[in-house]
Amino acid sequence: MAEYPLTDLRSVLTDVKDAKGLANEHYTSQVIFDEEKRSILFDSWAGVGFGKDVPNPGDVKPIWFLGMPLLLVRDHDGEIAVFQNTCRHRGMILIQEASNISKVMRCPYHSWCYGLDGELKATPHVGGPGHNKHEAIRNEDLGLYKVPSAIWHDVIFVNISANAPAFEVHAEKLIQRWSEFQQPLCHDDKHGSITLDVKTNWKLAVENYCESYHLPWIHPGLTSYSRLQDHYHIEQPGDFSGQGTLVYQQLKDEAGLSFPDFDNLGDQWDSGAEYIAMYPNVLFGVHRDHAYAIILEPKSLDHTLEHISLYYTESGASDARYEGLRKKNASLWNEIFKEDIFVVEGMQAGRHGALFDGGKFSPAMDGPTHTFHHWVADKLSTHRSQNQANQGSELPSS
Amino acid sequence: MNESQSSDAEAALQAANALLHEQLLAAHQAKDLLALTELYTAAANKEQSLGEVSAMCFFLTQAYVHALQSGHASCEQLHARLAEHGRI
């Protein structure tokens, strides 16, 4: 049983005006990082990839998520599934590189073969040379381990521990909030994929994304037309938080052309846009004419990859008339996200200040960030209580 | 068959085996699933003609796996030949 440092969660689990932020150890301790990996990232629905990563039937893509080898698979019906990328025979990595599978996935070691549904299809020589069956080898019991997965806004979510509520329950409120965007979101294959390499704990990227407080200082280019007072907080305790703007302006080219709008959006979206962190590790943005998703991939305690993916309507993503706009839009977002790097890296460095107590929230401006901290602390608190209960049950009776 | 003819036949068999061996190595190197299916099938057929059921089933298995992986048209037939001998 792991012994966790007793970080104080109670000071987070209170009203924002009295609360402190998570303690430094949540950004500097490997033990806490491992605890959060299990109790937050594995126990919840974490984003691990995009549908656009496996665009065609038969596409498979191996990925690593927090030390777990996973395999993204799009079957010949177009459905996406996620498996553990480990052969059930000797534990060999099954798929080494992204490829397209016509029939089966063959382990390169002893050639056990699996269908795209994960089912074990062939076990060559398993009963001896030229004998391909054995009474001890039951194919129906030896399929690839399937990881619960769901796709929303092209993000592939997994619940590695398989103990979370169904994704539709987990994400119900955000799905409802953005139901108007439940329509084809088409990826810009040429310019719409950006990855930023950031020396920070993954949570700091969430925290920075949630709030609009920093916009006038970090993104002055935005606030020239979108003032701080034009933004509003979005707080859904236990689910998500973020910010919205009331003055979104569409990008236009020299000829005045702008991207086509998504279908049948309400008036709210004429000049509105929203930016929401879906806990634990996916950041979304929606506008009348484009959307994006950012998957935060924690590589280590203080190293995160930010995978950004941009989406438009079908014609917005593919029509040659919008090529210049797509390039410009990707460039603009890239610049904005890069402006945040020194902040999240600076907060990571600052967390080594031993006298820092987690920080004082502005009740007026930091609500969305506190909502995230509260969610993290609540998850950890539950996890620690369960650990204590399990530890108690393991004690010998006197 | 006299001694000379027997020696010639043995040499021809060895040469054929060497050629097949080289072709298989090249196909493995190139990850050419079609060639692997066909070459292992040829090896199985040769063993069958010699009455070597065990060796035939070994090569049929090799051919079947590569046919299965590539979706080769002979996949079902290879499966049937293995099933005929209770090997799958």
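Everything that follows concerns the structure shown earlier in this document.
Residues numbered from 1 in each chain as written. Chains lettered and ligands numbered in written order. Predicted model: local features only at pLDDT ≥ 70, side-chain atom pairs only at ≥ 80, totals over all residues. Heavy atoms only, no water.

Caption draft 1: Structural detail: the overall build of chain A. Broken down by element type, chain A carries eleven helices and 19 strands. What you see for chain A is a C-alpha radius of gyration of 23 Å, in line with the 21 Å of a compact globule of 398 residues. Restricting the contact set of chain A to residue pairs at least 6 apart, pairs at least 24 apart contribute 66%. Approximately 17900 Å² of chain A is accessible, and the part contributed by carbon and sulfur atoms is 50%. A gap of 4 Å separates the mean positions of the 34 positive and 54 negative side-chain charges of chain A. (Helix = DSSP H or I, 4+ residues; strand = E, 2+ residues; numbered from the N terminus. Rg over C-alpha atoms; globule rule 2.2 N^0.38 Å. Contact = heavy atoms within 4.5 Å. Areas by Shrake-Rupley, 256 points an atom, 1.4 Å probe, with all protein chains shown as cover. Lys, Arg positive; Asp, Glu negative; His and termini not counted. Charge placed at Lys NZ, Arg CZ, Asp CG, Glu CD.)

Caption draft 2: Just the interface of chain B and chain A, in detail. Contacts between chain B and chain A engage 14 residues on the former and 15 residues on the latter. Carbon and sulfur atoms supply 59% of the area that chain B and chain A bury against each other, a total of about 1200 Å² over both sides. Its largest share of buried area at the contact with chain A, chain B owes to Leu68(B), Gln69(B) and Arg87(B), together 43% of the area lost on that side. Viewed at the interface, chain A and chain B are joined by zero salt bridges. (Buried area = accessible area lost by both parts, 1.4 Å probe. Salt bridge = Lys/Arg side-chain N within 4 Å of Asp/Glu carboxyl O.)

Caption draft 3: Representation of the nonpolar core within the structure. Residue and element names in this part refer to chain A. The biggest cluster of nonpolar side chains holds 61 residues, and the ones touching the most others in it are Phe65 and Leu70. Among the elements that line this core, the one with the most residues is helix H5 (residues 202–210), at six residues. If we ignore the near neighbours within four places in the chain, the residues touching Leu70 are Val48, Lys61, Pro62, Ile63, Phe65, Val82, Phe83, Gln84, Asn85, Val147 and Ile160. Counting residues in each nonpolar core, the second largest holds 26 residues, with Trp178, Ile276, Val286 and Ile295 among its members. (Core = buried A, V, L, I, M, F, W, Y, C linked by side-chain atoms within 4.5 Å. Buried < 20%, exposed > 50% of the residue type's maximum accessible area, 1.4 Å probe, protein only.)

Caption draft 4: The arrangement of the pairing of strand S19 (residues 303–312) of chain A in detail. All names here are of chain A. By the criterion of burial, S19 is predominantly enclosed, with eight of the ten residues buried. In this sheet, S19 lies alongside strand S12 (residues 186–187) in antiparallel orientation, the contact comprising two bridges. Looking at S19, one finds that Cys186 is bridged to Tyr312. Bridge count for strand S18 (residues 291–300) against S19 is nine bridges, and the pairing is antiparallel. Counted as the bridge partner of Glu297 is Leu305 from S19. Taking the residues that link successive antiparallel strands as the turn, the S18-S19 hairpin has two residues. (Pairing = 2+ DSSP bridges.)

Caption draft 5: Expanded view of the sheet that holds strand S6 (residues 104–106) of chain A. Across the sheet, which stays open at both edges, the three strands sit in the order S6-S7-S8 (chain A) with antiparallel pairing between neighbours. The open sheet has two edge strands with one neighbour each: S6 and strand S8 (120–122) of chain A. For this sheet the average axis-to-axis angle between neighbouring strands, irrespective of direction, equals 40°. Here strand S7 (residues 113–115) of chain A runs beside S8(A); their pairing, made up of two bridges, is antiparallel. Each bridged residue has a counterpart across the sheet, and for Cys113(A) the counterpart in S8(A) is Ala122(A). Against the sheet, helix H3 (residues 53–70) of chain B touches S6, S7 and S8 of chain A, its axis set at about 130° to S6(A). (Axes fitted to C-alpha atoms, helices over the stretch in contact; angles between N-to-C directions.)

Caption draft 6: Layout of the packing of aromatic side chains. Residues and elements named next belong to chain A. Summed over the entire model, instances satisfying the criterion amount to 21 aromatic pairs over all chains. For the pair Phe181 and Trp269, a centre-to-centre distance of 4.9 Å together with 90° between the ring planes defines the contact as edge-to-face. Of this pair, Phe181 sits in the loop between helix H4 (172–177) and S12 while Trp269 sits in the loop between strand S15 (240–245) and strand S16 (273–278), and the two are 88 residues apart along the sequence. Among the aromatic residues, ring-to-ring pairing joins Trp202, Tyr279, Phe372 and Trp375 into one connected group. The cationic tip of Arg88 hangs over the ring face of Tyr145; the distance from NZ or CZ to the ring centre is 4.2 Å. For Lys203, the ring lying beneath its charged end belongs to Tyr27, and the centroid distance is 4.4 Å. (Phe/Tyr/Trp six-rings, centres within 6.5 Å; stacked < 30°, edge-to-face > 60°. Lys NZ or Arg CZ within 6 Å of the ring centre and 35° of its normal.)

Caption draft 7: Structural context of the pairing of strand S4 (residues 80–84) of chain A. Residue and element names in this part refer to chain A. When you tally the buried positions in S4, you get four out of five residues, the bulk of the element. As judged from the five bridges shared by strand S3 (residues 68–74) and S4, these two strands associate in the antiparallel manner. Across the sheet, Leu70 pairs through a bridge with Gln84, a residue of S4. Between S3 and S4, which pair antiparallel in sequence order, lie five residues; one of them, Gly78, sits at a positive phi of approximately 90°.

Caption draft 8: A look at the environment of Val158(A). Checked against the element boundaries, Val158(A) lands in strand S11 (residues 155–158). Between the C-alpha atoms of Val158(A) and Val48(A), which are 110 residues apart in sequence, the distance is 7.0 Å.

Caption draft 9: Summary view of the pattern of salt bridges. Residue and element names in this part refer to chain A. Here the structure, examined in full by the defined rule, presents 20 salt bridges over all chains. As a salt-bridge pair, Asp53 and Lys52 come within 3.4 Å of each other at their nearest N and O atoms. Since its relative accessible area comes to 22%, Lys52 is described here as partly exposed. Look at the salt bridges and you will find they share partners, linking Asp15, Lys17 and Asp18 into a network.

Caption draft 10: How the structure looks around the packing of H3(B) against helix H4 (residues 75–84) of chain B. All names here are of chain B. Their axes nearest at 9 Å, the elements H3 and H4 cross at an angle of 150°. The angle between H3 and H4 places the two elements in the roughly antiparallel class. In this structure, H3 meets H4 at a crossing whose hand is left-handed. Residues Met56, Cys57, Leu60, Thr61, Ala63, Tyr64, Ala67 and Leu68 of H3 form the contact with H4, whose participating residues are Cys75, Leu78, His79, Arg81 and Leu82. (Parallel < 35°, antiparallel > 145°, perpendicular 65-115°, else oblique. Left-handed = near helix turned anticlockwise from the far one by under 90°.)

Caption draft 11: Summary view of the side chain of Asn329(A). Residue and element names in this part refer to chain A. Counting through the fold element by element, Asn329 comes out in helix H9 (residues 323–339). Here Asn329 falls in the buried class, since its relative accessible area comes to 4%. For Asn329, the side chain forms a polar contact with the side chain of Tyr312, separated by 3.0 Å. Aside from chain neighbours lying at most four places away, what touches Asn329 is Leu251, Phe259, His290, Leu310 and Tyr312. (Polar contact = N/O pair within 3.5 Å; in protein donor to acceptor, adjacent residues only side chain to side chain.)

Caption draft 12: Region of interest: the sheet that holds strand S9 (residues 146–147) of chain A. All names here are of chain A. The strand order across the open sheet built from five strands is S5-S2-S3-S4-S9, with neighbouring strands paired in antiparallel fashion. Whereas interior strands pair on both sides, the edge strands pair on one side only; in this sheet they are strand S5 (99–100) and S9. Of the strand pairs in this sheet, strand S2 (residues 59–65) and S3 are connected by six bridges, and their pairing is antiparallel. Bridging from a neighbouring strand, Ile63 pairs with Leu70 of S3.

What is shown is where atoms sit, not what they do.
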